[in-house]
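Structural features, examined
Each chain is listed here by its residues.
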Amino acid sequence: MPIYEFYCPGNNKLYSFLARSPGSRDKVPVCPDDPALPLQKHISTFAIIGKAQEETDGDPFAGIDDAKMENLMEEMETEMSTIDEEHPNPRQVGHLMHKLTDFMGDKTPPELREMVRRLESGEDPEKLESDFGSLADDETGESLFRQVKTLMRSARKPVRDPKLYDINDYLPSE
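Read on for an overview of the structure. In this text the structure is predicted, and so the values were computed from the model without any measurement.

Moving on, we get to the nonpolar core. Counting residues in hydrophobic clusters, the biggest one holds 17 residues, and the most contacted among them are Met-73, Met-76, Met-97, Leu-100 and Leu-119. Those elements giving two or more residues to this core turn out to be helix 1 (66–80), helix 2 (90–104), helix 3 (110–120) and helix 4 (125–132). Judged by nonpolar contacts, the second largest core, of ten residues, contains Tyr-4, Phe-6, Phe-17 and Ala-19.

So, in structure tokens, the structure goes:
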């Protein structure tokens, strides 16, 4: 009987579900903690024995202590909750990004450090957008503020729920 893992982005948790029948393998259960939150099928990691290492190219958080990262993310999330998402104050966003770039250390691109410095001084985000282009807005038009929130979420490792759930108990009624 296989065990499938599902990730809940809403609460940043990984859940394990036991599938007693082959018909369950393509179904997505509801979140055990909040059925309103959608789950995503997750590919399980496996142990590597020997000197093999995970590729970390392009990951600015590679090699950073997990406990320190967790503390920083909690602190930043608390501060982010006070920012108006529709009209964020550039100084507040700059302050948060400053913390993040300090934490990343020498892995921080110099352009990002310059943008943070200018945000903290209160410079108009639209001016920064024209000066920095892709750093201020990505190709989807996502604001810098939302990019920081996305970056923070992706930097936090999900919490693994220790319980094994029977997938049939959590399948939505059809």
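Quick look at the sheet that holds strand 3 (residues 40–42) now. If you trace the four strands from one edge of the open sheet to the other, you get 3-1-2-4, paired in mixed fashion. Edge positions in the sheet fall to strand 3 and strand 4 (159–166), since each has one partner strand and no second. Strand-to-strand twist in this sheet, taken as the mean axis angle between neighbours without regard to direction, amounts to 35 degrees. Here strand 2 (residues 13–18) pairs with strand 4 via five bridges, running parallel.

Evaluated as defined, the whole model comprises zero disulfides. Free of any disulfide, Cys-8 has its nearest neighbouring cysteine sulfur in Cys-31, separated by 3.9 Å. By relative accessible area, Cys-31 is classed as buried at 1%.

Taken as a whole and assessed by the stated rule, the structure comprises five aromatic pairs. Centre to centre, the rings of Phe-6 and Phe-17 are 5.6 Å apart; their planes meet at 80 degrees, and the pair counts as edge-to-face. Taken together, the positions of Phe-6 in strand 1 (residues 3–8) and Phe-17 in strand 2 put the pair eleven residues apart, joining distant regions of the chain. One exposure class covers both Phe-6 and Phe-17, and it is buried. Geometrically, the ring pair formed by Tyr-15 and Tyr-165 is edge-to-face, given 6.0 Å between the ring centres and 65 degrees between the ring planes. Of the two residues, Tyr-15 sits in strand 2 while Tyr-165 sits in strand 4, which places them 150 residues apart along the sequence. Each residue in the set Phe-6, Tyr-15, Phe-17, Tyr-165 and Tyr-170 is aromatic and connected to the rest through ring pairs, giving one cluster. The side chain of Lys-41 reaches across the aromatic face of Tyr-4, ending 4.5 Å from its centre.

Attention now goes to helix 2. Between its first and last C-alpha atoms helix 2 spans 20 Å; for 15 residues at 1.5 Å apiece the expected length is 21 Å, and the two agree. Measuring from the side-chain oxygen of the N-cap residue of helix 2 to the backbone nitrogen of Arg-91 gives 2.7 Å; that N-cap residue is Asn-89. Gly-105 sits one or two residues past helix 2 and shows a positive phi near 65 degrees.

Turning our eyes to something else, we now look at the pattern of salt bridges. All chains considered together, the criterion is met by six salt bridges. Taking the shortest distance from any N to any O, the salt bridge between Glu-5 and Arg-160 comes out at 2.4 Å. In this pair, Glu-5 sits in strand 1 while Arg-160 sits in strand 4, placing the two residues 155 residues apart along the sequence. Since its relative accessible area comes to 9%, Glu-5 is described here as buried. Assessed through its relative accessible area of 44%, Arg-160 is described here as partly exposed.

This part is about the packing of helix 2 against helix 3. Packing of helix 2 against helix 3 leaves a shortest axis separation of 7 Å and a crossing angle of 145 degrees. The handedness of the crossing between helix 2 and helix 3 is left-handed. In contact with Pro-90, Arg-91, Val-93, Gly-94, His-95, Met-97, His-98, Thr-101 and Asp-102 of helix 2, helix 3 contributes Leu-112, Arg-113, Val-116, Leu-119 and Glu-120. When its residues are assigned to classes, the contact of helix 2 with helix 3 shows six nonpolar, four polar and four charged.

The rules we used
- Residues numbered from 1 in each chain as written.
- Predicted model: local features only at pLDDT ≥ 70, side-chain atom pairs only at ≥ 80, totals over all residues.
- Heavy atoms only, no water.
- Core = buried A, V, L, I, M, F, W, Y, C linked by side-chain atoms within 4.5 Å.
- Buried < 20%, exposed > 50% of the residue type's maximum accessible area, 1.4 Å probe, protein only.
- Helix = DSSP H or I, 4+ residues; strand = E, 2+ residues; numbered from the N terminus.
- Pairing = 2+ DSSP bridges.
- Axes fitted to C-alpha atoms, helices over the stretch in contact; angles between N-to-C directions.
- Disulfide = S-S within 2.5 Å.
- Phe/Tyr/Trp six-rings, centres within 6.5 Å; stacked < 30°, edge-to-face > 60°.
- Lys NZ or Arg CZ within 6 Å of the ring centre and 35° of its normal.
- Expected span 1.5 Å × (residues − 1).
- Polar contact = N/O pair within 3.5 Å; in protein donor to acceptor, adjacent residues only side chain to side chain.
- Salt bridge = Lys/Arg side-chain N within 4 Å of Asp/Glu carboxyl O.
- Left-handed = near helix turned anticlockwise from the far one by under 90°.
- Contact = heavy atoms within 4.5 Å.
- Nonpolar A, V, L, I, M, F, W, Y, C, P; charged D, E, K, R; others polar.

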